[in-house]
Structure formats: structure tokens, C-alpha cells
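Structural overview
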Amino acid sequence: MNPGTEAGRGNGGHPDAGGPAACPACLADGCTVETNGGDRLFRLAPGRYPLFRCRRCRCLFQHPMPAQEALAEFYPEGYWRFAGPSSSRAAGRLLERAEQAWREFANQGHVRFLRRSARRRPAAGRSLLDVGCGSGLFLYLAGRAGFEAHGMDVSARAVRAARAQYGLDVRPGEVGSGQWNGRRFDYVTMFHVLEHLRDPAGALAWVGGLLNPGGRVIIQVPNADSLQARVFGRSWYGLDVPRHVVNFTPGALHRLLARCGYRVCSRARFSLRDNPASIASSIAPLLDPVGLHGRRRITSAPLRALMEGAYLGLFLLALPFALLESAVGRGGTLWVEAEQAGG
């Protein structure tokens, strides 16, 4: 998702990068710089970006938050994956159909998380708003599972794709905008959105205004306290500098939710779609499928198939480690389901 946050250009956008900073999750002050990172995925952002660590909740974040106009340039159109064939060659179309089948299979984990919540609340409704919905695959699958699916995304092209491919009620707009004013939902989902936002507390306040009484927000973010984050350090794919401006640990996310008036109802640490992929992309960012689509430098279908086959091999090799780190509570993904306190 391109969230429309503020961002700067490398070190030039951080004039006081060595000074103290307040944590965007728990508001603790005196945070200091721990490391820096560059754009390993698309190679669009010049320079290095300082990352500060909160001593209280261990949140890892950019400071100062880099300017909106600069950050928007670091999301190529290929950042959003689109369904449907675009290649004119049979081999290309076959590869795209295989990719789509895998994406549908992997996204079923997100639908299962949502359905588990619904089973715990049999009397609750099933209206759903997916914030940062991309081209709508999750919403399509959720609709097939019995949810009343709606979405929004900042990418106009993604919105058009979701409407054309799946016939979804999806609207363009950034977090905090008023496209859904007057509407309320039983669920608001934010999959890999919150880490892009310079004001996550403001985003959660906005979500609260979209929820029915007793409604739930479901959040998924990379886990900056995972074993894979520890192993790969500043080369960890989950940091995705400079697009991820706030990187949450479990403590940071829980403190943020509590500060914003939410109570955590359930949590998880594993995603088949994301955990092994994050390890594979940390090892070989040039093979990452999102990066390949975003860079648009590989036009040969056989070469692309070879690269994606190599990536699949890395993904499968990473799967046992991803399962192990999740089993010990240090998985690469944080899932949280929460409701407003008193809701």
C-alpha cells in the first residue's frame, strides 16, 4: 500500500538524524539511533535512512519521518499485484495463472483468521472494510466466505482492478480520508498498512469511527522482534526501508492499541503468505516477486519463470524455519484482533 505518509530523501531528509526522538507507538522519549537501512527492494530511494529504537517497547522507526512527496515516488506501480492475464504469450499467461492460483491459496490464511473471529461472535454481523485492499483478492475471497466486502486503497489503478476483476465495492482514498463517512462495519482489516503510516495512533482513531459497537479491527504487521529480524538485522525484508516508517514489536503494537483505547482479543504469529516469503526476500531481494513486478526489468517469460522458480525454492527452504520461529512465539508476522474498550 502507498499510504501517503511523509518521507524524505536519504540522509538529506533527516537533518537531525542523530538527535533524540519520541516513539510513535508508546510516546517514550529519548530514543536513539540504532542502525540505518537502504532501499533493497526497488533501488528507488537514494541514501541511507536512520532507524531509531525505543528503549521501552523496542519499536524501530524512522526519525524524522521522511516528506510525503518523496515517499510516494518510492512506490512503483508494480507494487500492487493485479489479477488477470497481461502477457500476450502463452508461456507468460501460464505463469501468471500459476501466480494467481498461489496467491489465492496463500491468502486463504487471512480469510481463516477472519472466519475464526466470526465464529467466536455468532451474533455479530459480517460487514467488512479492508483498508489498503490492493487489487481486491482478499476481499474477493472474504466475499466468497460470506462477508459483505468493501475496500479502499490509495492506488487508483488498484481500485480499478478490484472493481473490474471482482466487481467489488472499492473506493480510492488514503487512511484518514472520508470516503466511508456515515458507514459502519463489523470488521476493519489492515494487512501490512500500519507500518507505512507516520501517525499510527491517528489511523487507529479513524478506524474506531468506522466500527460498529463491538466491532473488531484486525491488524497484520511485520514483527520486528522475530527471529528472522534478529538474524538478518538491517537486511531484514520486513524493514522495507524507506516505505516502512514504523516497525512494531508485540509490545509496541499492544501499547499503541491500549493507548488508543483498544483491547486485544486474539493474536497470532504465523502467515503462510508472509513469513517464509520474508525470509526468502531477505536472502535474495532481487528475486522477490513484488520487486520483480515493480522494477519491470525482466521481460523474458522463461527468465522470469526461472527467477520465480528459484524464489519458490528459497520459500520452501525457509518454511521450516518460519514454522519454528512461530512455534516459539517469535514469528515474522504479528496478527492482532482488537475491539474498542467498552465495546
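**Notes on a positive patch on the surface**
Positive charge collects at one region of the surface, where R112, R115, R116, R119 and R126 lie side by side. R112 gets classed as partly exposed once you look at its relative accessible area, which sits at 46%.

**Observations regarding the environment of L194**
As for its position among the elements, L194 is in the loop between β7 (185-191) and α5 (200-208). Sequence separation between L194 and V245 is 51 residues; the distance between their C-alpha atoms is 9.1 Å. The contact partners of L194, leaving out residues within four places of it in the chain, are P200, A203, I219, V221, F248, L253 and L256.

**Let's talk about a nonpolar patch on the surface**
A contiguous nonpolar surface patch, about 370 Å² in accessible area, is contributed by V231, F321, L324 and V328. As for its position among the elements, L324 is in helix α10 (residues 301-327). For L324, a relative accessible area of 52% puts it in the exposed group.

**Thoughts on the side chain of N223**
Structurally, N223 can be placed in the loop between β8 (211-222) and α6 (227-232). For N223, the side chain forms a polar contact with the main-chain nitrogen of D225, separated by 2.9 Å. Beyond its immediate chain neighbours, meaning those up to four positions away, N223 contacts A229, W236, F248, T249, P250, R269, R330, G331, G332, T333 and L334.

**Section: the pattern of salt bridges**
As enumerated under the stated definition, the model contains 11 salt bridges in all. We note a salt bridge from E337 to R120, for which the minimum N-O separation is 2.4 Å. Taken together, the residues E337 in strand β11 (residues 333-340) and R120 in helix α2 (residues 90-120) connect sequence positions 217 residues apart. If you follow the salt bridges from partner to partner, you end up with R120, R216, R263, E337 and E339 in one network.

**With respect to the sheet that holds strand β3 (residues 60-62)**
Strand order across the open sheet formed by four strands is β1-β2-β3-β9, with antiparallel pairing between neighbours. Since the sheet does not close on itself, it has two edges, and those belong to β1 (32-37) and β9 (246-247), each with one partner. Here β3 runs beside β9; their pairing, made up of two bridges, is antiparallel. From the neighbouring strand, F61 faces β9, where its bridge partner is V246.

**Notes on unusual backbone geometry**
With an omega of -15°, the peptide bond running from H63 to P64 counts as cis. Within the secondary structure, P64 is located in the loop between β3 and α1 (68-72). Looking along the chain, the bond that leaves V241 and enters P242 is cis, with omega of 0°. By secondary structure assignment, the location of P242 is in the loop between α6 and β9. For R58, which is not glycine, the phi torsion reads 70° and is therefore positive. Within the secondary structure, R58 sits in the loop between β2 (49-53) and β3. One non-glycine residue, D240, lies in positive phi territory at about 35°. As for its position among the elements, D240 is in the loop between α6 and β9.

Thresholds applied
- Counting starts from 1 at the beginning of each chain's written sequence and moves along it residue by residue.
- Per-residue local features are limited, in this predicted model, to residues with pLDDT of at least 70; the limit for side-chain atom pairs, both in listing and counting, is 80 or more; totals at the level of whole chains, interfaces and linings are taken over all residues.
- Water and hydrogen atoms play no part in the side-chain values, which are based on all heavy atoms of the structure.
- A patch is a set of surface residues, each over 30% in relative accessible area and not in a salt bridge, joined within 9 Å for like charges and within 5 Å for the nonpolar side chains Val, Leu, Ile, Met, Phe, Trp and Tyr.
- The protein chains shown are the only cover counted for residues, whose accessible areas, like all others here, come from Shrake-Rupley with a 1.4 Å probe.
- A side-chain nitrogen of Lys or Arg and a carboxyl oxygen of Asp or Glu constitute a salt bridge if their distance falls within 4 Å.
- Working convention for charge: Lys and Arg count positive, Asp and Glu count negative, and His plus the chain ends are omitted.
- Here the site of a charge means NZ on Lys, CZ on Arg, CG on Asp, or CD on Glu.
- Partly exposed residues are those whose accessible area sits between 20% and 50% of the maximum for their type, while under 20% is buried and over 50% is exposed, using a 1.4 Å probe and protein chains only.
- Going along the chain from the N terminus, every DSSP run of H or I of four or more residues is numbered as a helix, and every run of E of two or more is numbered as a strand.
- Any two residues having at least one pair of non-hydrogen atoms within 4.5 Å are treated as being in contact.
- Each polar contact in these results corresponds to two N or O atoms within 3.5 Å; when the atoms are within protein, one needs to be able to donate a hydrogen and the other to accept it, and residues that are neighboring in sequence are counted only if both atoms are side-chain atoms.
- When DSSP finds two or more bridges between a pair of strands, those strands are recorded as paired.

Keep in mind that these numbers describe shape and distance, not what the molecule does.
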